[in-house]
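# Remarks on the overall topology
Okay, here's what each chain looks like letter by letter:
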Amino acid sequence: MLKKDLRIKYIKLRSSLKPSQISSESIVIANSVLQLPIWNYLYFHIYLPIEQKSEIDTEGIISVLLGLDKNVIVPKIISDTALEHYLLTDNTKFINNSLNIPEPVDGITIEPHKIDVVFIPLLAFDKQGNRIGYGKGYYDRFLNECKDDVIKIGLSFFEAEDSIEDVDSTDIPLDYCITPKKIYSFKTS
């Protein structure tokens, strides 16, 4: 399927999820994160969900990371094309931006090249590890600023599509994607 058709399909599917289903499946996904070979790393970037868009609640993953003394970094949109990244601390205050994304007000910025693992929001993904988001390209640009071996983990309520037909050369594929039913691995090495 084409990206535009997949966006329509998965926005509709997500909007049909009940809050209790979002909560329980988000917990299953958070527990599955423990099975990944990522625990020797220190810097973990994770998005905060847009509740109105029925995104996966990442609070459980954040709790796991903090419980394992990992550095948790959260994004903030600073322009139409760029994100800034802040260390999550006990003092971090959040406000919702114009897109209803919770963002840190201020804090300690972390450069992308320091980040080891990135949890990536998505609408859909395919069996080759390609993903689609809302189409603004924030994460592809951000991932280009990260080190070459940064581990990219998608989170999805739904299973993989066979393929996304119109993948661009600027689209950066995932290394893993976690759903409530399965962990997909796309790593070649």
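The notes below deal with the structure included here. Everything numeric in this text was worked out from a predicted model, so none of it was measured.

## What to know about the pattern of salt bridges
Counted under the stated rule, the structure contains nine salt bridges. We note a salt bridge from D171 to K3, for which the minimum N-O separation is 2.6 Å. With a gap of 168 residues between them, D171 in the loop between β9 (151-155) and β10 (176-178) and K3 in helix α1 (residues 3-15) connect regions that are remote in the sequence. Assessed through its relative accessible area of 16%, D171 is described here as buried. Of the charged contacts in the structure, one is a salt bridge between K127 and D162, with a shortest N-O distance of 2.9 Å. On the criterion of sequence distance, the pair formed by K127 in the loop between β7 (124-125) and β8 (131-132) and D162 in the loop between β9 and β10 is long-range, its members being 35 residues apart. Take K127: its relative accessible area is 48%, and that puts it in the partly exposed class. D162 sits in the exposed class, given a relative accessible area of 54%. Each of K3, D168 and D171 takes part in a single network of salt bridges with overlapping partners.

## Some remarks on the packing of aromatic side chains
Inspection of every chain in the model, using the stated rule, returns seven aromatic pairs. A connected cluster of aromatic rings, assembled from ring pairs, spans Y10, F157 and F158. A cation sits over an aromatic face here: K53 above Y134, 4.2 Å from the ring centre. The side chain of R141 reaches across the aromatic face of Y138, ending 5.6 Å from its centre.

## Thoughts on unusual backbone geometry
The residue D69 is not glycine, and still its phi comes out positive at about 55 degrees. Mapping D69 onto the fold places it in the loop between α3 (59-67) and β2 (71-77). Not every positive phi belongs to a glycine, and N100 is a case in point at roughly 70 degrees. Mapped onto the secondary structure, N100 falls in the loop between β4 (94-96) and β5 (102-104).

## Some thoughts on the side chain of T58
Looking at where T58 falls in the secondary structure, it is placed in the loop between β1 (43-45) and α3. Of the residues examined, T58 reaches a relative accessible area of 0% and is grouped as buried. Once residues lying within four places of it in the same chain are set aside, the contact partners of T58 are I46, Y47, L48, P49 and L155.

## Observations concerning α3
Those residues of α3 that sit buried are I61, I62, V64 and L65. One side of α3 carries all its buried residues, which in axial view fall inside an arc of 160 degrees. Of the exposed residues in α3, the ones pointing more than 90 degrees away from its buried face are E59 and G67. If you follow the buried residues of α3, they end up packed against α2 (19-33), β1, β2, β6 (117-120) and β9. Immediately beyond the C-terminal end of α3, within one or two residues, lies D69, with a positive phi of roughly 55 degrees.

Calculation notes
- Residues numbered from 1 in each chain as written.
- Predicted model: local features only at pLDDT ≥ 70, side-chain atom pairs only at ≥ 80, totals over all residues.
- Heavy atoms only, no water.
- Salt bridge = Lys/Arg side-chain N within 4 Å of Asp/Glu carboxyl O.
- Helix = DSSP H or I, 4+ residues; strand = E, 2+ residues; numbered from the N terminus.
- Buried < 20%, exposed > 50% of the residue type's maximum accessible area, 1.4 Å probe, protein only.
- Phe/Tyr/Trp six-rings, centres within 6.5 Å; stacked < 30°, edge-to-face > 60°.
- Lys NZ or Arg CZ within 6 Å of the ring centre and 35° of its normal.
- Contact = heavy atoms within 4.5 Å.
- Arc of directions from axis to C-beta.

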